[in-house]
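So the chains spell out like this:
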Amino acid sequence: MGIHKILAAALALSALGLSGCTMGSKEDKDPLEGVNRVVYDVNDTLDKALIKPVAKVYSKVTPKGVRMGVTNFFDNVSYLNVIANDLLQGKFRQAGHDTGRFLLNSTVGFGGLFDVAGFSGMVKNDEDFGQTLGKWGFGEGAYLVLPIRGPNSLRDAPDLATSWLLNPLTYVSSGITIPLAILSGVNERANYLEATRIRDEAALDPYSFTREAYRQNREYKIYDGNPPNQDLEYIEEPEGVLKVY
Amino acid sequence: MRTIRSLIAAAALLVMVTGAHATDAGDPAAPVAKLHDVLLDIMKRADGLGYRGRFSAIEPVVSQTFDFPAIGRIVMGKYWAGLAEQEQKGFLETFAKLSAATYAARFDGYDGESFRTVSDEKQNENNALVKTELVKGNGETVSLNYQLRTDTDGKWRILNVVADGISDLSLKRAEYASIMSSDGYPALMAKLNAKIAQYEADGAAAAGSGKTR
């Protein structure tokens with residue numbers, strides 16, 4: 001099956017889901033909250049019991065340089081998805097830059113273990129298919145909490161397919177891919193240990209905290225760091241309610 | 001030549017005399033700078049001050065530079081109007097205390113950080129956006145955008161902090177709305193107070209073990 005068909009199917013799927021949600025108010029973007037909270041709790045339990053402790057041990061026993069190399073490697077193999085989405089968003093110069101970055105790191109950087117490009121001052125871009133859909137005008141759609149992966153949305157879910165298809169590791173035998181996927185997951189969790197510690201310390205309701213942070217971060221990325229509606233953020237309403245946008 | 005020099009001296013004197021006043025009322029960047037100054041100060045003296053000392057240093061500055069009455073209405077959204085006056089007052093006091101406690105807990109050591117103002121623009125008579133960056137010791141930056149508005153007394157006060165695109169008030173609003181709708185006001189207050197108590201306990205534990213994070 002061609003990539004075309006999968007993309008078309010993904011688009012159709014997201015269009016279906018999104019059309020129903022764009023009409024809802026800004027407050028009501030979590031129609032699946034009941035299910036989401038259940039998955040969130042399962043994820044949280046699994047994280048506390050297994051993933052986080054493993055990530056803690058991992059970050060204790062591996063030198064920082066090794067973790068950096070692992071992070072670089074997985075970032076580099078996922079970079080084809082960035083380049084494809086540069087193109088889909090019409091960012092042709094950035095696509096050229098990112099192709100150069102990928103080639104440089106894949107060769108001189110020993111298959112991506114070293115971020116040589118970053119070291120020589122080449123900006124690393126962050127694009128994915130969810131951002132592309134956002135750029136194309138799709139609303140975020142219902143918020144989703146996926147098993148193990150966590151926060152997502154109808155608009156971002158199709159990226160699971162594109163990033164999987166565009167990752168060279170997908171085409172290597174599963175005997176290699178599966179251990180690598182586990183390493184990638186543990187390494188990523190280790191990178192977020194500090195961030196989740198701060199969240200656990202600050203959040204009163206971790207579920208809604210995570211959801212809101214996810215949404216805003218996505219918005220921020222879609223607009224490459226300059227979301228338009230964050231300039232003037234509140235209006236005074238007649239009954240004295242101030243609203244932030 | 002002499003006249004120019006004395007003119008400059010006079011102008012400088014004028015700036016010195018009026019500077020304090022001007023920064024108070026006219027410049028939206030002033031409260032942000034004031035907040036950043038005290039944050040840097042508590043970071044640099046973190047160990048000597050301890051959590052309690054940091055809290056006492058930051059608390060008056062936070063209450064002067066943030067517009068808590070407006071913030072209360074924003075974070076409580078549709079629930080604000082339904083609260084009794086006493087409940088609103090109680091919420092604002094606790095919220096302000098939690099804000100100071102969060103700064104005191106988070107800014108607990110110095111590692112070469114600095115703050116940089118990127119831009120400072122008035123969007124209209126009553127609203128301004130001050131863009132700043134926290135530059136870490138290793139050169140990484142976190143963008144910190146402050147939204148300000150003029151209070152009834154005409155002074156600029158901070159409404160919201162947006163860190164790397166994530167709006168503090170929107171996060172809190174989502175959380176508080178969720179707690180208000182499922183458990184109500186007493187539960188929200190209990191959770192806010194529990195956070196403050198947690199920061200105090202962690203601060204005391206850090207002091208007891210002779211180190212900060």
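Keep in mind that this is a model prediction, so the values were computed, not measured.

Conventions adopted
Residues numbered from 1 in each chain as written. Chains lettered and ligands numbered in written order. Predicted model: local features only at pLDDT ≥ 70, side-chain atom pairs only at ≥ 80, totals over all residues. Helix = DSSP H or I, 4+ residues; strand = E, 2+ residues; numbered from the N terminus. Buried ≥ 20, exposed ≤ 12 C-beta atoms within 10 Å, placed from the backbone. Contact = placed C-beta atoms within 7 Å. Axes fitted to C-alpha atoms, helices over the stretch in contact; angles between N-to-C directions. Parallel < 35°, antiparallel > 145°, perpendicular 65-115°, else oblique. Left-handed = near helix turned anticlockwise from the far one by under 90°. Nonpolar A, V, L, I, M, F, W, Y, C, P; charged D, E, K, R; others polar. Pairing = 2+ DSSP bridges. Arc of directions from axis to C-beta. Core = buried A, V, L, I, M, F, W, Y, C linked by C-beta atoms within 7 Å. pLDDT = per-residue confidence, 0-100.

1. Points about the overall build of chain B
The secondary structure content of chain B amounts to 7 helices and 5 strands. Mapped in sequence order, the helices and strands of chain B form the string α-α-α-α-α-β-β-β-β-β-α-α. The buried share among the 213 residues of chain B stands at 32%. Considering only residue pairs separated by 6 or more positions, chain B has 57% of its internal contacts joining residues 24 or more positions apart.

2. Some thoughts on the overall build of chain A
Check the secondary structure of chain A and you find 11 helices and 4 strands. A burial count over chain A gives 28% of its 245 residues as buried. A sequence separation of at least 24 residues applies to 66% of the contacts in chain A between residues at least 6 apart.

3. Observations concerning the packing of helix 5 (residues 85-106) of chain B against helix 7 (residues 185-208) of chain B
Residue and element names in this part refer to chain B. Where helix 5 meets helix 7, the closest approach of the two axes is 10 Å, and the angle between their N-to-C directions is 25°. For the element pair helix 5 / helix 7, the angle class is roughly parallel. Note that helix 5 runs across helix 7; the crossing there is left-handed. Side by side, helix 5 and helix 7 meet where Glu 87, Gly 90, Phe 91, Thr 94, Phe 95, Lys 97, Leu 98, Ala 101, Thr 102, Ala 104 and Ala 105 of the first sit next to Tyr 185, Met 189, Leu 192, Asn 193, Lys 195, Ile 196, Tyr 199, Asp 202 and Gly 203 of the second. Counted by class, the contact of helix 5 with helix 7 contains 11 nonpolar, 5 polar and 4 charged residues.

4. A word on the sheet that holds strand 5 (residues 166-167) of chain B
Two orientations exist for strands paired in a sheet by backbone hydrogen bonds: parallel and antiparallel. Residue and element names in this part refer to chain B. Across the sheet, which stays open at both edges, the 5 strands sit in the order 1-2-3-4-5 with antiparallel pairing between neighbours. Only two strands of the sheet have a single neighbouring strand rather than two, namely strand 1 (114-122) and strand 5. Alignment of strand 2 (residues 127-135) against strand 3 (residues 141-150), held across 9 bridges, turns out to be antiparallel. Bridge pairing in strand 3 places Lys 131 opposite Asn 145.

5. Some details on the interface of chain B and chain A
How large an interface is tends to be reported as the accessible area lost when its parts come together. On the side of chain A, 24 residues touch chain B, which itself brings 28 residues to the contact. Among the elements of the structure, helix 4 (68-76), strand 2, strand 4 (156-163), strand 5, helix 6 (168-182) and helix 7 of chain B are those that each provide at least two residues to the side of chain B that touches chain A. When residues of the side of chain B that touches chain A are assigned to their parent elements, the largest contribution, 8 residues, is made by helix 6 of chain B. In terms of residue class, the side of chain B that touches chain A is made up of 12 nonpolar, 10 polar and 6 charged.

6. Brief notes about helix 8 (residues 158-165) of chain A
Looking at helix 8 of chain A, one finds that the buried residues are Pro 158, Asp 159 and Thr 162 of chain A. The arc that holds the buried residues of helix 8 of chain A, viewed along the axis, is 90°, so those residues lie on one side.

7. Concerning the nonpolar core
Counting residues in hydrophobic clusters, the biggest one holds 46 residues, and the most contacted among them are Ile 58, Ile 71, Ala 100, Ala 104, Val 130 and Leu 148 of chain B. Once residues within four sequence positions are removed from consideration, Ile 71 of chain B is found in contact with Phe 66, Leu 159 and Leu 169 of chain B.

8. A few points about the environment of Glu 87 of chain B
Tracing the sequence through the fold places Glu 87 of chain B in helix 5. By C-beta crowding, Glu 87 of chain B is classed as partly exposed, having 17 other C-beta atoms within 10 Å.

9. A short note on unusual backbone geometry
Residue Ile 148 of chain A is not a glycine yet carries a positive backbone phi of 65°. Checked against the element boundaries, Ile 148 of chain A lands in the loop between strand 1 (143-146) and strand 2 (150-153).

10. Some thoughts on the pairing of strand 2 of chain B
Residue and element names in this part refer to chain B. Taken together, the 8 bridges between strand 1 and strand 2 define a ladder with antiparallel strand orientation. Bridge assignment links Ser 119 to a residue of strand 2, and that residue is Lys 131. Taken together, strand 1 and the strand that follows it, strand 2, pair antiparallel across an intervening segment of 4 residues. The turn linking strand 2 back onto strand 3 is made up of 5 residues, and Gly 139 within it adopts a positive phi angle of 95°.

11. As for the environment of Trp 80 of chain B
Residues and elements named next belong to chain B. Structurally, the position occupied by Trp 80 is in the loop between helix 4 and helix 5. Among the residues examined, Trp 80 registers 19 C-beta atoms within 10 Å and is labelled partly exposed. Residues Trp 80 and Phe 91 lie 11 residues apart in sequence; the distance between their C-alpha atoms is 9.9 Å.

12. Quick look at the confidence of the model for chain A
Residues and elements named next belong to chain A. Of the residues in chain A, 81% have a pLDDT of 70 or more, and the chain-wide mean is 86. Every residue in residues 1-26 scores below 50 in pLDDT, and together they form 27 contacts with partners more than four places removed in sequence or on other chains. Low pLDDT, under 50, characterises residues 235-245; the stretch is placed with 27 contacts to residues that sit more than four places away or in other chains.

13. Describing the packing of helix 2 (residues 29-44) of chain B against helix 3 (residues 46-65) of chain B
All names here are of chain B. Where helix 2 meets helix 3, the axes come as close as 9 Å, and the angle between the chain directions of the two elements is 170°. Considering the angle they form, helix 2 stands roughly antiparallel to helix 3. In this structure, helix 2 contributes Pro 31, Lys 34, Leu 35, Val 38, Asp 41, Ile 42 and Met 43 to the contact, and helix 3 contributes Ala 46, Leu 49, Arg 54, Ala 57, Ile 58, Val 61 and Thr 65. Its residues assigned to classes, the contact of helix 2 with helix 3 shows 10 nonpolar, 1 polar and 3 charged.

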